[in-house]
Amino acid sequence: MLLEGRHLVDEALAAELPLELVLVTAETTKDADSAGRLQHLERVTRVVQVPVPVMAAASPADSPSGLLALADRPAVTLEIALAGVTPLVVALVGVQDPGNTGAVIRAVEAGGATGVVTVGGADPFGWKALRGAMGSTLRVPIARTRDIATLSVAASARPLRTLAAVPRGGTPITQADLARPTLLCFGGEGGFDQDTVGKADERISIPMRPPVESLNLAVASALVIYEAARQRSARPVDTR
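Residues numbered from 1 in each chain as written. Predicted model: local features only at pLDDT ≥ 70, side-chain atom pairs only at ≥ 80, totals over all residues. Heavy atoms only, no water.

**Q** Kindly report on the overall build of the protein chain, identifying the contributing residues and their values.
**A** Scanning the protein chain from N- to C-terminus turns up nine helices and 11 strands. Seen through its C-alpha atoms, the protein chain measures out along the principal axes to roughly 55 × 40 × 30 Å. Counting the 240 residues in the protein chain, one finds 48% classified as buried. Taking the intrachain contacts of the protein chain between residues at least 6 apart in sequence as the baseline, contacts between residues at least 24 apart amount to 80%. In the structure as shown, the protein chain presents an accessible area of about 11,700 Å², 53% of it carried by carbon and sulfur atoms. On the protein chain, the mean spot of the 23 positive side-chain charges and the mean spot of the 25 negative ones are 4 Å from each other. (Helix = DSSP H or I, 4+ residues; strand = E, 2+ residues; numbered from the N terminus. Buried < 20%, exposed > 50% of the residue type's maximum accessible area, 1.4 Å probe, protein only. Contact = heavy atoms within 4.5 Å. Areas by Shrake-Rupley, 256 points an atom, 1.4 Å probe, with all protein chains shown as cover. Lys, Arg positive; Asp, Glu negative; His and termini not counted. Charge placed at Lys NZ, Arg CZ, Asp CG, Glu CD.)

**Q** Hey, could you go over the pattern of salt bridges for me, with residue numbers and the actual values?
**A** The tally for this structure, following the rule as stated, stands at eight salt bridges. Here R230 and E227 are joined by a salt bridge, their closest N and O atoms 2.6 Å apart. Taken together, the residues span about one helical turn, with R230 and E227 both in helix α9 (residues 217-234) at a distance of three residues. Taking the relative accessible area as the measure of exposure, R230 reaches 44% and is therefore partly exposed. A cluster of three or more residues bridged by salt bridges with shared partners is formed by D10, D33 and R37. (Salt bridge = Lys/Arg side-chain N within 4 Å of Asp/Glu carboxyl O.)

**Q** I'd like a rundown of the packing of helix α1 (residues 6-14) against helix α2 (residues 32-44), residues and numbers included.
**A** Their axes nearest at 12 Å, the elements α1 and α2 cross at an angle of 45 degrees. Here α1 lies oblique to α2, going by the angle between them. Here α1 runs over α2; the crossing is left-handed. In this structure, α1 contributes R6, V9, D10 and L13 to the contact, and α2 contributes S34, R37, H40, L41 and V44. (Axes fitted to C-alpha atoms, helices over the stretch in contact; angles between N-to-C directions. Parallel < 35°, antiparallel > 145°, perpendicular 65-115°, else oblique. Left-handed = near helix turned anticlockwise from the far one by under 90°.)

**Q** Please set out the sheet that holds strand β3 (residues 47-49) residue by residue, giving values where relevant.
**A** Taken in spatial order, the four strands of this open sheet run β1-β4-β2-β3, and their pairing is mixed. Both outer strands of the open sheet, β1 (2-4) and β3, are each paired with one neighbouring strand and no more. Each strand axis lies, on average, 20 degrees off the axis of its neighbour in the sheet, ignoring direction. Looking at chain direction, β1 and strand β4 (residues 67-71) are connected through three bridges and run antiparallel. Looking at β4, one finds that L2 is bridged to L70. Sheet strands touched by α1: β1, β2 (19-24) and β4. Its angle to β1, the strand with the most contacts, is close to 125 degrees. (Pairing = 2+ DSSP bridges.)

Spatial relationships are all this shows, so hold off on functional conclusions.
Below, the structure is given as structure tokens:
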């Protein structure tokens, strides 16, 4: 993983994630906080000071922060991402926007969901998705799979109920049972194909006043996750 900026590097250190290499510019080591960070980094990995033009070439950001690190990706299998006493796992099916992917991962951690599975789409460990998740990627179990069939089989084996979020026509989220072990599926920018929706146990929708027809993916996922958290805190969970 490419970690751009102080925040993500600090999150990686807090998560005790192995860092392979760190690049810094002289400008990033002038204050006491940065100097202390640099001393710690030098104890745990290889640190190379580079001139600003080299940092600009190495960093994918338009305005490089002056601190860049390479880290190992967390090794998370599909089984680990779906695990838990009462899982609430968010599946992103064909989501292409890395910013949306990162924002959903952040909402997952904030709202108390237990894991994320991406089916195709953007790489959750790409630098834009990492930046959007603001460190949550390093703490939330995240697995990847290429097809929905593999995910469906794994979810059924747990067993988890599969709910597909659709813009309209589904059970309103306040009426859907989100307290049981659940796999929440959200489609990409173009929505689900019918085969994916057909594999779900139930369709759910967020009530919206006309003429609004849809919500941003990160907003929609956060609303469903927090509704699930409300339901789970309000009554005992039936795990059957």
